[in-house]
Amino acid sequence: MKKIKKIPALVIAILGLILVNYLGTLVHKRYDLTQDKRYTLSEPAKAVIDQIKSPMIIDVFLDGEFPAEFRKLQNETRYLLEEITNYNSNVSFVFSNPIEEGADASVVAQQFADFGMTPLPLQVKRNGAASTQTLFPWATANHNGKAVPISLIKNVAGASPEQFVYASTQNLEYTFIDGFNRLLNAKTKRIAVLKDNGELPDARIADMFRKLGETYSIAPFPMDAVTSEPEKALQALQNTFNLIVIAKPTKAFTDAQKYVLDQYTMNGGNSLWLIDAVAMENDSLRNDTGKALAFPRDLNLNDFFFKYGARINPVLIKDLYSAPLSLATGDGSSSQYTELPWFYQPSVPSFNTHPINTNIERPVKFTYANQIELLNNTPSITKTVLLASSPLTRIEGTPKEISLDQVSIEPKQEDYQDGSQPMAVLLEGTFESAFKNRIQPVKLEKVRFRESGKAPSKMVIIADGDLIANDVDPQGNALELGFDYFTRNQYGNKEFLLNTVNYLLDDNGLINIRSKEIALPFLNTPQVAKSLNKWQALTVGLPLVFLSIFGILFYILRKRKYTR
């Protein structure tokens, strides 16, 4: 009888459980309880994901057994993609191992490399034996017949595996959203690279614009066209391009060229200037004397920038915090390269004081940089110092003889007391024309002259043209921007310039995603080794002690109970 009464209660419990599970499939909520909200998509990321209206398939080539550090990257990638697919059901993903059983790893690696997806060789130890494992830290996003590769790693030169994975994980949301953005909104904005004023050759700026070309349309713009058809040149700039880049000009600008560029800014155009106000190169020192003369370079831009509230002074900045210079020592086949301090190459950390500066782990390398002086003549323009030298800086006037003999002179800190000097600045707001109240060098018929900005504009001035220049190997191939061919060091020039271009083109969402901080817990290996015996005693011995105490107490209580 009691069993019959219990049946309805059991049935009700089962039905209730089924009902709760059914309701859970209709309405559900995910909660991110992590302190850094690592599993919560940022608003800019959601804005991009919302644009996905048809199926997008993500193939992740990160399946298999990896060392512990890379399992973290594997797991964090999976968690992020789960969050994305939960937010937009049009997105799906699959993990796979590109090296199937019996496949030749070298053949697969070459196939990946042919598509621009470089494999990563890993040195791993199993059972005391060292071996090389090929990792493919890549994904591809496929949408509407198009596909883009997405790198899951971020190289940090000299970093430990933990730091390497930390930087890569920190960059995951950005790299996926950037890939989605390239699929959904590719080539909607255009960048003009100015030519004809002695700018850097294409081979020296190839890596930067190859990367930018994945997202934006890039085209050269001949400034010689201003001489023959200034009005047509201005219209082409205004109507076609969202940003102009001037990469280390060495030939003076004419007043007509400055007028066209000024009016482009007055009509809301944005610009990135990389200027050398002093003529000096490291290659000039590679001669028998090891000496070269650094002298001012007149680009006829002083009045131009002065009207916008900045001045590039033709001086050289020496900074005790600097990148080394690689010099050959010895003769013939016995010669070898040695890294020596070279204070004309400031190595500048990028502090998170502005969206452009976010998440740049490596310092930015300058070479023979100049001082930017900010003026108080433009109240409508906001000026922000993006990068500056350290407080231990010395300013040297020009002309000046530069000699490699300086590497053997021990610097005195008291000689480096000129303080931090701006070397990269952002100007934004409503600009006033550099040709206001002046005779206009050319007459325009269809485009009216503007004395002040039609709309707010943005301009970044960097007092070092080589900041955008990549090295070239002996075969003439462009190396990655920020990689020093001689010292093999990696710098943050590329990340800084990518952020700069994103900001100038109003792609602030991508920058904001990069600023997201994620705290990954890693074991402190030296500390673990130091306290290994203590933790072994606590984790193994302490439970045995508690078990023994419990056994003794149980025996005493049981004996007392049954002996009465």
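Residues numbered from 1 in each chain as written. Predicted model: local features only at pLDDT ≥ 70, side-chain atom pairs only at ≥ 80, totals over all residues. Heavy atoms only, no water.

Asker: So what about the sheet that holds strand 5 (residues 138–143)? Which residues, and what values?
Answerer: Strand-to-strand pairing in sheets goes through backbone hydrogen bonds, with the strands running parallel or antiparallel. Taken in spatial order, the four strands line up as 2-1-5-6 in an open sheet, and their pairing is mixed. Each end of this open sheet is capped by a strand with a single partner; those strands are strand 2 (91–95) and strand 6 (146–151). The average undirected angle you get between the axes of adjacent strands in this sheet is 20°. Bridge count between strand 1 (residues 56–60) and strand 2: five bridges; the pairing is parallel. By the bridge assignment for strand 2, Val 60 is matched with Phe 95. Contacts between helix 3 (residues 68–87) and the sheet are confined to strand 1 and strand 2, with strand 2 contributing the most and set at about 160° to the helix. Across the sheet, helix 6 (residues 172–185) is in contact with strand 1, strand 5 and strand 6; its angle to strand 6 comes to roughly 160°. (Pairing = 2+ DSSP bridges. Helix = DSSP H or I, 4+ residues; strand = E, 2+ residues; numbered from the N terminus. Axes fitted to C-alpha atoms, helices over the stretch in contact; angles between N-to-C directions. Contact = heavy atoms within 4.5 Å.)

Asker: Hey, could you go over the sheet that holds strand 21 (residues 400–403) for me, with residue numbers and the actual values?
Answerer: In spatial order, the strands read 11-12-21; together these three strands make up an open sheet with antiparallel pairing. Because the sheet does not close on itself, it has two edges, and the strands there are strand 11 (278–279) and strand 21. Two elements, strand 12 (residues 291–296) and strand 21, share four bridges in a ladder whose sense is antiparallel. In the sheet register, Ala 294 faces strand 21, and the bridge partner there is Lys 400.

Asker: Now, about the packing of aromatic side chains: what can you tell me, with residues and values included?
Answerer: By the definition in use, this model includes 17 aromatic pairs. Relative to Phe 95, the ring of Phe 93 has its centre 5.9 Å away and its plane inclined at 80°; by these criteria the two rings are edge-to-face. Phe 95 sits in the buried class, given a relative accessible area of 12%. Taken together, the ring pairs in this structure connect Phe 253, Trp 273, Phe 304, Phe 305, Tyr 308 and Phe 431 into an aromatic cluster. In this structure, Lys 458 packs its charged tip against the face of Tyr 503, placed 4.6 Å from the ring centre. Cation over ring: Arg 488 sits above Tyr 485, and NZ or CZ is 5.2 Å from the ring centre. (Phe/Tyr/Trp six-rings, centres within 6.5 Å; stacked < 30°, edge-to-face > 60°. Buried < 20%, exposed > 50% of the residue type's maximum accessible area, 1.4 Å probe, protein only. Lys NZ or Arg CZ within 6 Å of the ring centre and 35° of its normal.)

Asker: Report on the side chain of Ser 457, specifying residues and quantitative values.
Answerer: Locating Ser 457 in the fold gives a position in strand 23 (residues 457–462). Taking the relative accessible area as the measure of exposure, Ser 457 reaches 1% and is therefore buried. For Ser 457, the side chain forms a polar contact with the main-chain oxygen of Gly 269, separated by 3.5 Å. Look past the residues within four positions of Ser 457 in its chain and what remains in contact with it is Thr 265, Gly 268, Gly 269, Asn 270, Leu 427, Glu 428, Gly 429 and Phe 431. (Polar contact = N/O pair within 3.5 Å; in protein donor to acceptor, adjacent residues only side chain to side chain.)

Asker: Before we move on, can you summarise unusual backbone geometry with the specific residues and values?
Answerer: With an omega dihedral of 5°, the bond running from Thr 398 to Pro 399 counts as a cis peptide bond. Of note, Pro 399 is situated in the loop between strand 20 (393–396) and strand 21. A positive phi angle, near 55°, is found at Lys 248, a position not held by glycine. With respect to the helices and strands, Lys 248 occurs in the loop between strand 9 (243–247) and helix 10 (255–266). Phi at Arg 488 takes a positive value of approximately 65°, unusual for a residue other than glycine. If you trace the backbone, Arg 488 turns up in the loop between strand 23 and helix 12 (493–504).

Asker: Go over the packing of helix 3 against helix 6 with me, naming the residues and quoting the values.
Answerer: Close contact between helix 3 and helix 6 brings their axes to 10 Å; oriented N to C, the two are set at 50°. Here helix 3 lies oblique to helix 6, going by the angle between them. The chirality of how helix 3 crosses helix 6 is right-handed. Residues Leu 73, Glu 76, Thr 77, Leu 80, Leu 81 and Ile 84 of helix 3 touch helix 6, and the partners they reach there are Leu 172, Glu 173, Phe 176 and Phe 180. Considering only residue class, the contact of helix 3 with helix 6 consists of seven nonpolar, one polar and two charged. (Parallel < 35°, antiparallel > 145°, perpendicular 65-115°, else oblique. Left-handed = near helix turned anticlockwise from the far one by under 90°. Nonpolar A, V, L, I, M, F, W, Y, C, P; charged D, E, K, R; others polar.)

Asker: Any chance you could break down the nonpolar core for me, citing the residues and the numbers?
Answerer: With 43 residues, the main nonpolar core has Leu 237, Leu 261, Trp 273, Phe 305, Tyr 308, Leu 427 and Ile 461 as its most contacted residues. A per-element tally of this core places helix 10 first, with six residues. Dropping the residues within four chain positions of it, Leu 261 is found in contact with Leu 194, Met 223, Leu 237, Ile 244, Phe 253, Trp 273 and Phe 304. In this structure, Phe 209, Val 245, Tyr 503 and Leu 505 belong to the second largest nonpolar core, which totals 38 residues. (Core = buried A, V, L, I, M, F, W, Y, C linked by side-chain atoms within 4.5 Å.)

Asker: So what about the side chain of Gln 345? Which residues, and what values?
Answerer: Relative to the elements of secondary structure, Gln 345 occurs in strand 16 (residues 336–348). Within the local environment of Gln 345, its side chain forms a polar contact with the side chain of Asn 282, the two groups lying 2.8 Å apart. Apart from the residues within four sequence positions on either side, Gln 345 is in contact with Asn 282, Ser 322, Ala 323, Pro 324, Leu 325, Lys 365, Phe 366 and Thr 367.

Asker: Got a sec to walk through the pattern of salt bridges? Specific residues and values, please.
Answerer: Inspection of the entire model under this criterion finds 23 salt bridges. A salt bridge links Glu 281 to Lys 248; its shortest N-O distance comes to 2.5 Å. With a gap of 33 residues between them, Glu 281 in the loop between strand 11 and strand 12 and Lys 248 in the loop between strand 9 and helix 10 connect regions that are remote in the sequence. For Glu 281, a relative accessible area of 27% gives the class partly exposed. According to the relative accessible area criterion, Lys 248 is buried, its value standing at 4%. The partner of Lys 365 in a salt bridge is Asp 484, and the shortest N-O contact between them spans 2.9 Å. Here Lys 365, found in strand 17 (residues 364–365), pairs with Asp 484, found in the loop between strand 23 and helix 12; they are 119 residues apart in sequence, far enough to count as distant. Accessibility assignment for this pair places Lys 365 and Asp 484 in one class, buried. Here the residues in one salt-bridge network are Asp 178, Arg 182, Lys 211 and Glu 214, joined through shared partners. (Salt bridge = Lys/Arg side-chain N within 4 Å of Asp/Glu carboxyl O.)

Asker: How would you sum up helix 6? Please name residues and give values.
Answerer: Compared with an ideal rise of 1.5 Å per residue, which puts 14 residues at 20 Å, helix 6 spans 19 Å between its outermost C-alpha atoms and is within 8% of the ideal. For helix 6, the set of buried residues is Leu 172, Glu 173, Tyr 174, Thr 175, Phe 176, Ile 177, Asp 178, Gly 179, Phe 180, Asn 181, Arg 182 and Leu 183. Positive phi shows up at Lys 187, right after helix 6, with a value of about 65°. (Expected span 1.5 Å × (residues − 1).)

Asker: Could you give me a rundown of helix 12, with the residues and numbers involved?
Answerer: Owing to its 3.6 residues per turn, the α-helix aligns residues three or four sequence positions apart on the same side. With 12 residues, helix 12 should cover 16 Å at 1.5 Å per step; its first-to-last C-alpha distance of 16 Å lies within 8% of that length. Taken across its 12 residues, helix 12 has 12 buried, putting it largely inside the fold. Once helix 12 finishes, Asp 506 follows within two positions and takes phi at roughly 65°, a positive value.

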